[in-house]
Amino acid sequence: MIIYEQEGVYIHSSCGKTNDQDGLISGILRVLEKDAEVIVDWRPLDDALDSSSILYARKDSSSVVEWTQAPKERGHRGSEHLNSYEAEWDMVNTVSFKRKPHTNGDAPSHRNGKSKWSFLFSLTDLKSIKQNKEGMGWSYLVFCLKDDVVLPALHFHQGDSKLLIESLEKYVVLCESPQDKRTLLVNCQNKSLSQSFENLLDEPAYGLIQKIKKDPYTATMIGFSKVTNYIFDSLRGSDPSTHQRPPSEMADFLSDAIPGLKINQQEEPGFEVITRIDLGERPVVQRREPVSLEEWTKNIDSEGRILNVDNMKQMIFRGGLSHALRKQAWKFLLGYFPWDSTKEERTQLQKQKTDEYFRMKLQWKSISQEQEKRNSRLRDYRSLIEKDVNRTDRTNKFYEGQDNPGLILLHDILMTYCMYDFDLGYVQGMSDLLSPLLYVMENEVDAFWCFASYMDQMHQNFEEQMQGMKTQLIQLSTLLRLLDSGFCSYLESQDSGYLYFCFRWLLIRFKREFSFLDILRLWEVMWTELPCTNFHLLLCCAILESEKQQIMEKHYGFNEILKHINELSMKIDVEDILCKAEAISLQMVKCKELPQAVCEILGLQGSEVTTPDSDVGEDENVVMTPCPTSAFQSNALPTLSASGARNDSPTQIPVSSDVCRLTPA
């Protein structure tokens, strides 16, 4: 589809070998939209219909632009190629950057003929637009692409360039450069962060981002190594000379796809620069034994109200819950039951919620096959749910077997959630959040309402624009830079500064990183909302801190970092990471020079972090074990637990006899 078309757009050429030092080449400028890609295309009038004349901008190591004739074979690969991923990447990489030996600083030579000036580029490659000074006759524009590739100036002899700018602003955010009012910056960061994010996925995006948008579960849960190979194969193409990536190529790739993540680039305007700060000594923290049923009962009054709620949350944060207590306590932690409710009030609430749940379940159960055929959204939701349920972790007996009641209930609860929140519906990965809840609750209705409460917290992770994911990646980058700017610099040097390998951790709250039993402990600790806001980001920092030594000493590159992080799954010690993350929070709150951006992330404005004190009325006989200090301060990577000795072969938690009788309503 043609969005903009203008004849009489000239390039003022100077061939050097002719007497025509100021040659004018008339051409047509078009902005085209095709398959969600926006292309800016200029061609001489004589070549407007000849695609083989398109030139590809290439950049050498000395920042000298060379205009290279498009390979002839590009136009003769057949329809099979046009429908492949390579065709998509050919379009995206129309303007590509290829290192070549430099020849004594001389300007590159060109072939004769007008066609050598033809060019096109994807709007995702555009960095800035320079405009003419006012009062200089006809207007002109100069497009500057990523990596500072500058295209020939386009002179508008018929009309001005305002219509073109207006057309481009439908797809990108343009604003004046603070240094030069004639220069318009693309996706500039002095706009609000939210505005930048809103434009992110609306703009043409590369294959990886499209994969994550359409299927975040498959793109991030199944294995990052496949995604990595896809990226590199596409970037390299078939030319062996491009198999050695320029150091910044992948960083540019992710920068184009996620402009909001440029918080890592300290030269970007509009962001607080996080300088090196002495955070002080990291304290030693302790973990306790899980809260027992007896301790819980002692904190309940005669009408069933929970007493000393803050104290109870601190105990849960420090040690988690015994499994026998989870069915009760999780309902409070997730907000299904109010902490100040009586036993009678909770009984009435459950009756009300049971009626509400089965009314919603009846809605989709009563839809006939013919009706569902006419409801594409519901049909898609069901298909995704069935696919996810079939991929449920079967290591727990609760979900063993194809026709297991637990799997059937997973399906029914997720379908009912689509009725509860039809706008969001079902997004792949949500079943990962439900399966531990159903296992603990052993009840369809309670599991649903606990899941709905959990989704209230996680909602933004699964929205189409992925606002929650983008924000968290930026916040994680800010925290990690404060903790260890050297490690951040190393990651950036390996094109990994955007921390995209943490995507899966954040999307489903580490569900795929820890064993089934460990994730129960980790989630209940996080649900206390102690010791600060966004504690899960400090857990990410603690994991990365533990892996820093190996990543840097073995000089891992982009591929190796992704592979290494992906292979940590089921190998992380949950108690060790909880200790380290809490110690980081204590270290930060004691720092008097904490940057404002970090204070806002952790919710520390005007108040100290809510840190569980050792003097909280706990049983003096509780076994306490000190946590290891930071791996930044020590090369040792010990693994400890709250009990002092960890059993690495977890035993199966016994499930009550009621579980085997669970059947879908």
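See the structure printed just above.
This text gives an overview of the structure that appears in the document.

Each value, and the rule that gives it
Residues numbered from 1 in each chain as written. Predicted model: local features only at pLDDT ≥ 70, side-chain atom pairs only at ≥ 80, totals over all residues. Heavy atoms only, no water. Helix = DSSP H or I, 4+ residues; strand = E, 2+ residues; numbered from the N terminus. Buried < 20%, exposed > 50% of the residue type's maximum accessible area, 1.4 Å probe, protein only. Contact = heavy atoms within 4.5 Å. Areas by Shrake-Rupley, 256 points an atom, 1.4 Å probe, with all protein chains shown as cover. Polar contact = N/O pair within 3.5 Å; in protein donor to acceptor, adjacent residues only side chain to side chain. Salt bridge = Lys/Arg side-chain N within 4 Å of Asp/Glu carboxyl O. Core = buried A, V, L, I, M, F, W, Y, C linked by side-chain atoms within 4.5 Å. Phe/Tyr/Trp six-rings, centres within 6.5 Å; stacked < 30°, edge-to-face > 60°. Lys NZ or Arg CZ within 6 Å of the ring centre and 35° of its normal. Pairing = 2+ DSSP bridges.

### Quick word on the overall build of the chain
A count of helices and strands for the chain gives 25 helices and 13 strands. Looking at the chain as a whole, 54% of its 665 residues qualify as buried. Residue pairs at least 24 apart in sequence account for 71% of intrachain contacts in the chain once pairs closer than 6 positions are excluded. Counting every atom, the chain has about 30,600 Å² of accessible surface; 47% of that belongs to carbon and sulfur.

### Regarding the side chain of Glu-524
Mapped onto the secondary structure, Glu-524 falls in helix α21 (residues 516-527). Polar side-chain contacts of Glu-524 include one of 2.8 Å to the backbone nitrogen of Leu-321. Once residues within four sequence positions are removed from consideration, Glu-524 is found in contact with Ile-316, Gly-320, Leu-321, Arg-326, Trp-330 and Leu-333.

### Thoughts on the pattern of salt bridges
The full count for this structure, using the stated rule, is 26 salt bridges. Glu-575 is paired through a salt bridge with Arg-287; the nearest N and O atoms lie 2.8 Å apart. Taken together, the residues span a long stretch of sequence, with Glu-575 in helix α24 (residues 574-590) and Arg-287 in strand β12 (residues 286-287) at a distance of 288 residues. The exposure class assigned to Glu-575 is buried, which follows from its relative accessible area of 6%. Look at Arg-287 and you get buried, because its relative accessible area is 1%. The residue Glu-524 makes a salt bridge to Arg-326 at a minimum N-O spacing of 2.8 Å. Residue Glu-524 is found in helix α21, and its partner Arg-326 is found in helix α11 (residues 323-333); the two are separated by 198 residues along the sequence.

### Re the nonpolar core
If you look at the biggest cluster of nonpolar residues, it comprises 123 residues, and the most contacted ones within it are Phe-462, Phe-510 and Met-588. In terms of residues, this core owes the most to one element, helix α17 (residues 444-462), which gives 11 residues.

### Some remarks on the packing of aromatic side chains
Enumeration over the complete set of coordinates arrives at 26 aromatic pairs. Between the aromatic rings of Tyr-420 and Trp-449, the centroid separation amounts to 5.6 Å while the plane-to-plane angle is 90°, which identifies the pairing as edge-to-face. Of this pair, Tyr-420 sits in helix α15 (residues 405-420) while Trp-449 is found in helix α17, placing the two residues 29 residues apart along the sequence. Judged by its relative accessible area of 34%, Tyr-420 is partly exposed. Between the aromatic rings of Tyr-454 and Trp-523, the centroid separation amounts to 5.2 Å while the plane-to-plane angle is 70°, which identifies the pairing as edge-to-face. Here the residue Tyr-454 occupies a position in helix α17, and Trp-523 occupies one in helix α21, the gap between them amounting to 69 residues. One aromatic cluster in this structure is built from Tyr-357, Phe-358, Tyr-417, Tyr-420, Phe-448, Trp-449 and Phe-451. A cation sits over an aromatic face here: Lys-353 above Trp-449, 4.2 Å from the ring centre.

### Description of α11
Since one α-helical turn is 3.6 residues long, residues separated by three or four positions face the same way. Three or more residues of α11 are buried, namely Leu-325, Arg-326, Ala-329, Trp-330, Lys-331, Phe-332 and Leu-333. Against α9 (293-298), α10 (309-319), α12 (343-365), α16 (430-441), α17 and α21 lie the buried residues of α11. Downstream of α11 by one or two residues, Gly-335 has phi in the positive range, about 90°.

### Digging into the environment of Asp-518
Relative to the assigned elements, Asp-518 resides in helix α21. Overall, the relative accessible area of 14% leaves Asp-518 in the buried class.

### Observations concerning the pairing of strand β7 (residues 126-131)
The pairing of β7 with strand β8 (residues 139-145) spans 5 bridges and is antiparallel. Residue pairing for β8: Gln-131 is matched across the bridge by Leu-141. Relative to strand β11 (residues 183-186), β7 runs antiparallel, the two sharing 3 bridges. When the sheet's bridge partners are listed, Lys-130 is paired in β11 with Thr-183.

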